[in-house]
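Listed below are the residues making up each chain.
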Amino acid sequence: MPVAGAVVVPMSREYEDSIVDRLERLPSVTVEGVGEKGIAIVLEAETAERLKEISEEINQWEEVIEFELVYLNWEDM
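What comes next is a walk through the structure. These figures come from a predicted structure and were not determined experimentally.

1. Here we look at the nonpolar core
Part 1: Core analysis: the biggest nonpolar cluster contains 18 residues, and Val8, Leu23, Val29, Ile41, Leu43 and Ile58 have the highest contact counts within it.
Part 2: Mapped onto this core, the elements with two or more residues apiece are strand 1 (3-10), helix 1 (16-25), strand 3 (38-44), helix 2 (48-59) and strand 4 (64-73).
Part 3: Excluding residues within four positions of it along the chain, Ile58 makes contact with Val8, Leu23, Leu26, Val29, Ile41, Leu43, Val64 and Phe67.

This is the structure in structure tokens:
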């Protein structure tokens, strides 16, 4: 199962809580923390393509200025 770590950067601090709420509603996303650089998340999905789709969806949110992929791992079964 592919796993990715990423940082979601909000347009401003005022959007952090609403973005965290939206992220927590996504079944493949776990919010790990919020810091000065953004919101740290872990994504898990059945395929790397699905991870890409989730990442693109988050990146298109109006309140998000940047989606930074930090780590990607997958193992062939």
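2. Looking at the pattern of salt bridges
Part 1: One pass over the full model with this rule turns up three salt bridges.
Part 2: Residues Arg13 and Glu16 are paired through a salt bridge, measuring 2.7 Å at the closest nitrogen-oxygen approach.
Part 3: Across the salt bridge formed by Glu53 and Arg50, the nearest N and O atoms sit 3.2 Å from each other. Taken together, the residues Glu53 and Arg50, both in helix 2 and three residues apart, mark about one turn of the helix.

3. Details of the packing of aromatic side chains
Part 1: Enumeration according to the criterion identifies zero aromatic pairs in this entry.
Part 2: A cation over an aromatic ring shows up here: Arg22 above the ring of Trp61, its NZ or CZ 3.9 Å from the ring centre.

4. Here's the deal with a nonpolar patch on the surface
Part 1: Together, Leu69, Leu72 and Trp74 line one region of the surface with nonpolar side chains, adding up to about 320 Å² of accessible area.
Part 2: Checked against the element boundaries, Leu69 lands in strand 4.

5. A look at the sheet that holds strand 2 (residues 29-35)
Part 1: Pairing is antiparallel in the open sheet, where four strands are placed in the order 2-3-1-4. Because the sheet does not close on itself, it has two edges, and the strands there are strand 2 and strand 4. This sheet shows a mean twist of 20° between the axes of neighbouring strands, independent of strand direction.
Part 2: Set on the sheet, helix 1 makes contact with strand 1, strand 2, strand 3 and strand 4; between it and strand 2 the angle comes to about 160°.
Part 3: With respect to the sheet, helix 2 is in contact with strand 1, strand 2, strand 3 and strand 4, its orientation differing from that of strand 4 by roughly 160°.

6. Here we look at the pairing of strand 3
Part 1: When strand 1 meets strand 3, the two strands line up antiparallel, connected through six bridges. Residue pairing for strand 3: Ala4 is matched across the bridge by Leu43.
Part 2: Linkage of strand 2 to strand 3, two consecutive antiparallel strands, is achieved through a turn of two residues.

Calculation rules
Residues numbered from 1 in each chain as written. Predicted model: local features only at pLDDT ≥ 70, side-chain atom pairs only at ≥ 80, totals over all residues. Heavy atoms only, no water. Core = buried A, V, L, I, M, F, W, Y, C linked by side-chain atoms within 4.5 Å. Buried < 20%, exposed > 50% of the residue type's maximum accessible area, 1.4 Å probe, protein only. Helix = DSSP H or I, 4+ residues; strand = E, 2+ residues; numbered from the N terminus. Contact = heavy atoms within 4.5 Å. Salt bridge = Lys/Arg side-chain N within 4 Å of Asp/Glu carboxyl O. Phe/Tyr/Trp six-rings, centres within 6.5 Å; stacked < 30°, edge-to-face > 60°. Lys NZ or Arg CZ within 6 Å of the ring centre and 35° of its normal. Patch = residues over 30% accessible without salt bridge, like charges linked within 9 Å, V, L, I, M, F, W, Y side chains within 5 Å. Areas by Shrake-Rupley, 256 points an atom, 1.4 Å probe, with all protein chains shown as cover. Pairing = 2+ DSSP bridges. Axes fitted to C-alpha atoms, helices over the stretch in contact; angles between N-to-C directions.

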